[in-house]
Amino acid sequence: METWYGGGLGRAQGGYDEMVFRAMVRDGAHFYDPLGLVSEGTEVDFQTGANAYLYGTRFVSYLALIYGPDKVIDWLRRAEGTERYYAQDFERVFSRPLGQAWQEWITWEQGFQQANLQSVRQHPITPLQEVARRGLGALSRAYLSNDGRTLYAAARYPGRVPHLASIDLASGKVTELTNCAVRCPTSHLACLRR
């Protein structure tokens, strides 16, 4: 719902959740049921609660895809005639127990991701080509120079002030061009466009 209310910005439209479930299917990983998710699923979750968001986002997106957004809204809203307990209200809206719908989603998700994996396997893997000799941390969108020999990007990594950098594609040499805290207090991309 946050993604819908945010105009399409959020987890439901991002690639991370998609990648996690595709990897789970590829690896034959266990999919938790709702109870398992809140008990064991949080214990193995190094991001403290991220599994609940991952599963919840995919499940609600599945419900909207299969049953329509209006059903999801009907389930999540609280109005006259709705049930107090979310699982009972789920059954009122979707005419099936939550656990059954969850298992149907898991079956659907596994088939969906198997099809994605088959599609990915139709294309060769791009060979690794290191651009820089060291990690650059979080990078902005990079821009290629007119001669095609240098990348320009804003870089941010622990222990360093964010800065604009040039990366020589032939040598991998990274050169700090300017300190972003001084030169571009508003936006790294604004500095790159100058």
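Everything below is about the structure shown above.
Residues numbered from 1 in each chain as written. Predicted model: local features only at pLDDT ≥ 70, side-chain atom pairs only at ≥ 80, totals over all residues. Heavy atoms only, no water.

**Q** I'd like a rundown of the overall build of the chain, residues and numbers included.
**A** Counting secondary structure elements, the chain contains ten helices and five strands. Sorting the 194 residues of the chain into buried and exposed places 33% on the buried side. In the chain, once contacts between residues fewer than 6 apart in sequence are set aside, the share between residues at least 24 apart is 44%. As displayed, the chain offers around 12900 Å² of accessible surface, 53% of which is attributable to carbon and sulfur atoms. (Helix = DSSP H or I, 4+ residues; strand = E, 2+ residues; numbered from the N terminus. Buried < 20%, exposed > 50% of the residue type's maximum accessible area, 1.4 Å probe, protein only. Contact = heavy atoms within 4.5 Å. Areas by Shrake-Rupley, 256 points an atom, 1.4 Å probe, with all protein chains shown as cover.)

**Q** Tell me what's going on with a nonpolar patch on the surface, and back it up with residues and numbers.
**A** There is a patch of nonpolar side chains on the surface, built from V131, L144 and L169 and spanning about 230 Å² of accessible area. Take L144: it is sitting in strand β2 (residues 143–144). (Patch = residues over 30% accessible without salt bridge, like charges linked within 9 Å, V, L, I, M, F, W, Y side chains within 5 Å. Salt bridge = Lys/Arg side-chain N within 4 Å of Asp/Glu carboxyl O.)

**Q** Any chance you could break down the pattern of salt bridges for me, citing the residues and the numbers?
**A** Considering all chains together, one arrives at ten salt bridges under this definition. Between E18 and R22 there is a salt bridge, with its nearest N and O atoms 3.7 Å apart. Residue E18 and its partner R22 are located together in helix α2 (residues 15–27), separated by four residues, close to a single helical turn. Here D89 ties to R78 by a salt bridge, and the two come within 3.0 Å at their closest N and O atoms. Taken together, the positions of D89 in helix α7 (residues 86–94) and R78 in the loop between α6 (69–76) and α7 put the pair eleven residues apart, joining distant regions of the chain. A relative accessible area of 46% places R78 in the partly exposed class. Within this structure, D74, R77, R78, D89 and R92 form a network of salt bridges that share partners.

**Q** Explain the pairing of strand β3 (residues 150–156) to me, and be specific about the residues and the numbers.
**A** Of all seven residues that make up β3, five are buried, and the element is covered over most of its length. In this structure, strand β1 (residues 138–139) lies alongside β3, joined through two bridges in antiparallel fashion. Residue pairing for β3: L139 is matched across the bridge by A155. Relative to β3, β2 is paired through two bridges, and the arrangement is antiparallel. In the strand pairing of β3, Y143 is matched with Y152. Here β2 folds back onto β3 in antiparallel fashion, the turn holding five residues, of which G148 has a positive phi close to 75°. Count of turn residues in the β3/strand β4 (residues 163–168) antiparallel hairpin: six residues, of which G159 carries a positive phi of about 85°. (Pairing = 2+ DSSP bridges.)

**Q** Please provide a residue-by-residue account of the layout of surface pockets, values included.
**A** Approximately 680 Å³ is the volume attributed to the largest pocket. Around the largest pocket, the lining comprises 24 residues; the ones closest to its centre are A52, Y53, G56, T57 and V60. When residues of the lining of the largest pocket are traced back to their parent elements, those giving at least two are α1 (2–5), α3 (34–38), α5 (50–67), α6 and α8 (98–121). For the lining of the largest pocket, the element with the highest residue contribution is α5, accounting for seven residues. (1 Å grid on protein atoms, 1.4 Å probe; cavity = no way out; pocket = protein on both sides within 12 Å on 5 of 7 lines; lining within 4 Å. Points joined across faces, edges and corners; volume = space filled by probe spheres on them.)

**Q** Talk me through the nonpolar core; I want residue IDs and the actual numbers.
**A** Ranked by size, the top nonpolar core spans 25 residues in total, and within it F31, Y55, F59, L63, W75, F90 and W105 carry the most contacts. Secondary-structure elements contributing two or more residues to this core are α2, α5, α6, α7 and α8. By residue number, the principal contributor to this core is α5, which donates seven residues. Not counting residues within four places of it along the chain, the set of residues in contact with L63 comprises G68, V72, W75, F90 and F94. Core analysis: the next-biggest nonpolar cluster, separate from the first, contains six residues, A132, A165, I167 and V174 among them. (Core = buried A, V, L, I, M, F, W, Y, C linked by side-chain atoms within 4.5 Å.)

**Q** Describe α8, with residues and values.
**A** Each α-helix turn comprises 3.6 residues. Residues three or four places apart therefore point the same way. Its 24 residues give α8 an end-to-end C-alpha distance of 34 Å, which sits within 8% of 34 Å, the value for a rise of 1.5 Å per residue. Buried within α8 we find L98, A101, W102, W105, I106, E109, Q113 and L117. On its buried side, α8 packs onto α2, α3, α5, α6 and α7. (Expected span 1.5 Å × (residues − 1).)

The quantities given are spatial measurements derived from coordinates; they are silent on function.
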